[in-house]
Amino acid sequence: MSQFKYANGKYESFLERTFPRFYLLYSTFMKGFRTLFSEAKEIRRIKLNMSLQKIDFHQLPYREMERLRQFRRDLIKAIPIGLLSIPPFANYLVFVLMYLFPRQLLIRHFWTPKQQSEFLNIYHGMRREVYPDIMDSLEQVTRFLADQKLRNQMQELCIKVQGGSHPEVAKLLAVRSLFSGHPLSLQRLRICQVKALSRVLFLTPHLPSLFLRYRLQSHLVELQHLDRALLKLGVSDLSEEEVKMACYVRGLNSTHLSPSECQKWLKQWLQLSCELKDSEVSLLAHSMVLLSTNYLGAKE
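On a predicted model such as this, the values are computed, not experimentally measured, just so you know.

### Quick look at the overall build of the chain
- The number of helices and strands found in the chain is 14 helices and zero strands.
- When its helices and strands are written in sequence order, the chain yields α-α-α-α-α-α-α-α-α-α-α-α-α-α.
- Across the 300 residues of the chain, 42% fall into the buried class.
- Accessible area for the chain stands at about 17,000 Å²; split by element, carbon and sulfur atoms hold 59% of it.

Take a look at the structure:
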């Protein structure tokens, strides 16, 4: 085994000196496979413990819950590549496709650090395209509210965000009743609004309306379970990478922000999320836009 490690080390040194660009891809792939294998073992351990202790997903600690959530998304993304690799000799074509389209076909473990930052910015730009539509829909609904106090509060909130200001959590909580019934609960939203909110959560909008609402709600409830577990753990216990990814998942483009700026935003988010009931998750979805649009440099 030691001779193999020595020979492999010599080979990697040769690649790094002679073909530096290829070595970067090679080392990223090797590190990705090791990380993925380690992650799969950890997922198996978590699932086994869940079975032995007879506990559900929402009862897990934050890090285990987040691992399961992310692994499930990675697995869904990897399935098409796995299917393409089944025919004889098709794996050669798959490797070419993975090299040409790393963002679309590779999961995060196989991205270089530069690609990770670049791809996260691209994905955020794609979801940010629907932010104006979501704000316009909120503004249109607000005009027809019967309750004058709530109408004034919502109009003030929309004007503030559209004017480039960051809203206070207290202002969002003040209008929470609108998001649990008429007109802004998930079941009352128009299908175009549901599709736009689905894109904010990186969910496909190309599904039947009934399934689209159910899927959006289940992802938002899952996010709320994560938030409650994170509140127990404490934002300060997260690593720099964890806090940035937690913000990104919740709608904020954290690639340009410092860890302290991300921590501050995440604490505001938890202040809102952990106050809401399951029936108010529509406000959680809209807050991914309301709280992230104008926060510091996140709009870049």
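### Things to note about the side chain of Ser137
- With respect to the helices and strands, the residue Ser137 is situated in helix 7 (residues 131–142).
- Discounting residues that sit within four places of it in the chain, Ser137 has contacts with Arg190 and Gln193.

### Here's the deal with helix 7
- Taking 1.5 Å of rise per residue, the twelve residues of helix 7 would be expected to cover 16 Å, and the 17 Å separating its terminal C-alpha atoms lies within 8% of that figure.
- Along helix 7, the residues that are buried comprise Tyr131, Ile134, Met135, Ser137, Leu138, Val141 and Thr142. For helix 7, the angular spread of the buried residues around the axis is 160 degrees, confining them to a single face.
- Looking at the buried positions of helix 7, the neighbouring elements they touch are helix 6 (113–128), helix 8 (148–162), helix 10 (191–200) and helix 14 (281–290).

### Side note on the pattern of salt bridges
- Throughout the structure, instances matching the rule amount to 13 salt bridges.
- Measuring nitrogen to oxygen at the nearest pair gives 3.2 Å for the salt bridge that ties Arg199 to Glu129. Placement of Arg199 in helix 10 and of Glu129 in the loop between helix 6 and helix 7 is noted, with a sequence separation of 70 residues between them.
- A residue is classified by how much of its surface remains accessible, and Arg199, at 32% relative accessible area, is partly exposed.
- Take Glu129: its relative accessible area is 52%, and that puts it in the exposed class.
- When salt bridges that share partners are traced, they join Glu42, Arg45, Glu64 and Arg67 into one network.

### Remarks on unusual backbone geometry
- The amide bond that connects His182 to the next residue, Pro183, takes the cis arrangement and shows omega of 5 degrees.
- With respect to the helices and strands, Pro183 occurs in the loop between helix 9 (169–173) and helix 10.
- The phi dihedral of Lys54 is positive, around 55 degrees, even though this residue is not glycine.
- Tracing the backbone shows Lys54 in the loop between helix 2 (20–53) and helix 3 (62–84).
- For Lys54, a relative accessible area of 72% puts it in the exposed group.
- The phi dihedral of Phe202 falls on the positive side, at around 60 degrees, and the residue is not glycine.

### Re the packing of helix 12 (residues 240–249) against helix 13 (residues 259–273)
- Relative to each other, helix 12 and helix 13 sit at 50 degrees, their axes nearing to 9 Å. When the interaxial angle is binned, helix 12 and helix 13 end up oblique. As for the relative orientation of helix 12 and helix 13, their crossing is left-handed in sense. Within the contact between the two elements, helix 12 uses Glu240, Val243, Lys244, Ala246 and Cys247 and helix 13 uses Pro259, Cys262, Gln263, Trp265 and Leu266.
- The class makeup of the residues in the contact of helix 12 with helix 13 is seven nonpolar, one polar and two charged.

Reading the values: rules and limits
Residues numbered from 1 in each chain as written. Predicted model: local features only at pLDDT ≥ 70, side-chain atom pairs only at ≥ 80, totals over all residues. Heavy atoms only, no water. Helix = DSSP H or I, 4+ residues; strand = E, 2+ residues; numbered from the N terminus. Buried < 20%, exposed > 50% of the residue type's maximum accessible area, 1.4 Å probe, protein only. Areas by Shrake-Rupley, 256 points an atom, 1.4 Å probe, with all protein chains shown as cover. Contact = heavy atoms within 4.5 Å. Expected span 1.5 Å × (residues − 1). Arc of directions from axis to C-beta. Salt bridge = Lys/Arg side-chain N within 4 Å of Asp/Glu carboxyl O. Axes fitted to C-alpha atoms, helices over the stretch in contact; angles between N-to-C directions. Parallel < 35°, antiparallel > 145°, perpendicular 65-115°, else oblique. Left-handed = near helix turned anticlockwise from the far one by under 90°. Nonpolar A, V, L, I, M, F, W, Y, C, P; charged D, E, K, R; others polar.

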